[in-house]
Amino acid sequence: MTESKHARPYMPASFIAAADRPVPARGIGLATDTAPGVITLKGQPDDAAFLSAVSGVMGLEPPRAPRTLAYGRQRALLWVAPDEWWILTHRNEAHELTAQLQVATAACFAQVIDQSSAYTGYWLDGHERMTVMRHLTDFNVEAMPTQSGAGIMLARTRVMMVHPGIACLLVLVGRSNAQWLRRQIAQAAGPYGLFEHQS
């Protein structure tokens, strides 16, 4: 038996695809995204030219509040540091988007790098997803606001944890640690049941 995820705010199609998968009524669901689009953006948050350049390409300015996630034009902007953001998008558009941002911010004190090949994404859903997280981290994932993200240690592995505003979590981890982290998640989920979503 499955349940539908709650209504969700506007979000990138990659998030919608994960949201549309059936949720296990018990245990935890796991879907692997082997090709997430991840772009790192750095710049001065008080530079009007930089903010305007990014907004012209993205359709929204980089969020200024710590750990917040903003959506626009099938993409998301995640605050990582006062002068750094992660852009979450489709892998197949990351290269072109990076080039557009590099051109737009060329006259600014800024940096744009396509990091997509460096990451694997894990989507976690199901009623026990927070229980499993408690086994793997001291960070209070349950206290994360919706549409937020934070760099945390999960199973002694550095990850970016994203709460996209729907009944699931997205974990972005470096490829070199991806298989190890997946084993840790599967082991922690064992007593509750692990359901593998088809990607």
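Residues numbered from 1 in each chain as written. Predicted model: local features only at pLDDT ≥ 70, side-chain atom pairs only at ≥ 80, totals over all residues. Heavy atoms only, no water.

### Structural notes on the overall build of the protein chain
In terms of regular secondary structure, the protein chain is built from five helices and 13 strands. Out of the 199 residues in the protein chain, the part that is buried amounts to 50%. Within the protein chain, counting contacts between residues at least 6 apart in sequence, those at least 24 apart form 63% of the total. Approximately 9500 Å² of the protein chain is accessible, and the part contributed by carbon and sulfur atoms is 50%. (Helix = DSSP H or I, 4+ residues; strand = E, 2+ residues; numbered from the N terminus. Buried < 20%, exposed > 50% of the residue type's maximum accessible area, 1.4 Å probe, protein only. Contact = heavy atoms within 4.5 Å. Areas by Shrake-Rupley, 256 points an atom, 1.4 Å probe, with all protein chains shown as cover.)

### Focus: the pattern of salt bridges
For the structure on display, the rule yields four salt bridges. The partner of Glu93 in a salt bridge is Arg75, and the shortest N-O contact between them spans 2.9 Å. With Glu93 in helix H3 (residues 91–104) and Arg75 in strand E6 (residues 75–81), this pair connects stretches of sequence that are 18 residues apart. A relative accessible area of 11% places Arg75 in the buried class. Notably, a salt bridge pairs Glu142 with Arg134, separated by 2.8 Å at the nearest N-O pair. (Salt bridge = Lys/Arg side-chain N within 4 Å of Asp/Glu carboxyl O.)

### Let's talk about helix H5 (residues 175–189)
Between its first and last C-alpha atoms H5 spans 21 Å; for 15 residues at 1.5 Å apiece the expected length is 21 Å, and the two agree. Those residues of H5 lying buried are Ala178, Leu181, Gln184, Ile185, Ala188 and Ala189. (Expected span 1.5 Å × (residues − 1).)

### A word on the environment of Leu30
If you trace the backbone, Leu30 turns up in strand E3 (residues 28–33). Judged by relative accessible area, Leu30 falls into the buried class, the value being 0%. Sequence separation between Leu30 and Tyr122 is 92 residues, and the spatial gap between their C-alpha atoms is 6.7 Å. In this structure Leu30 touches Tyr122, Trp123, Leu124, Arg182, Leu194, Phe195, Glu196 and His197, once residues within four positions along its chain are discounted.

### Notes on the sheet that holds strand E12 (residues 169–174)
Reading across from one edge, E10-E11-E12-E9-E3-E13 is the order of the six strands in this open sheet, with mixed pairing throughout. With one partner strand each, in any of the chains shown, strand E10 (148–154) and strand E13 (194–196) form the two edges of the open sheet. The mean inter-strand angle of the sheet, taken between neighbouring strand axes irrespective of direction, is 30°. Sheet topology note: the E3/E13 ladder contains three bridges and is parallel. The partner of Ile28 across the bridge, within E13, is Leu194. (Pairing = 2+ DSSP bridges. Axes fitted to C-alpha atoms, helices over the stretch in contact; angles between N-to-C directions.)

### Describing unusual backbone geometry
With the exception of glycine, the majority of residues adopt a negative phi angle, and the majority of peptide bonds are in the trans configuration. The backbone phi angle of Ala155 is positive, close to 55°, even though this residue is not glycine. Note that Ala155 resides in the loop between E10 and strand E11 (157–163). Judged by relative accessible area, Ala155 falls into the buried class, the value being 12%. Here Arg156, not a glycine, exhibits a phi torsion of approximately 60°, which is positive. Looking at where Arg156 falls in the secondary structure, it is placed in the loop between E10 and E11.

### Some details on the pairing of strand E5 (residues 69–72)
Across the two faces of E5 the burial is the same, with Leu69 and Tyr71 and Ala70 and Gly72 all buried. Looking at chain direction, E5 and E6 are connected through four bridges and run antiparallel. The residue of E6 that forms the bridge with Tyr71 is Ala76.

### Concerning the pairing of strand E7 (residues 84–90)
Remember that side chains alternate between the two faces of the sheet whenever the strand is regular. Of all seven residues making up E7, six are buried, and the element is well covered by its neighbours. Examined bridge by bridge, strand E4 (residues 36–42) and E7 share seven bridges and lie antiparallel to one another. Note that in E7 the partner of Pro36 across the bridge is His90. As paired strands, E6 and E7 are joined by five bridges and run antiparallel to one another.

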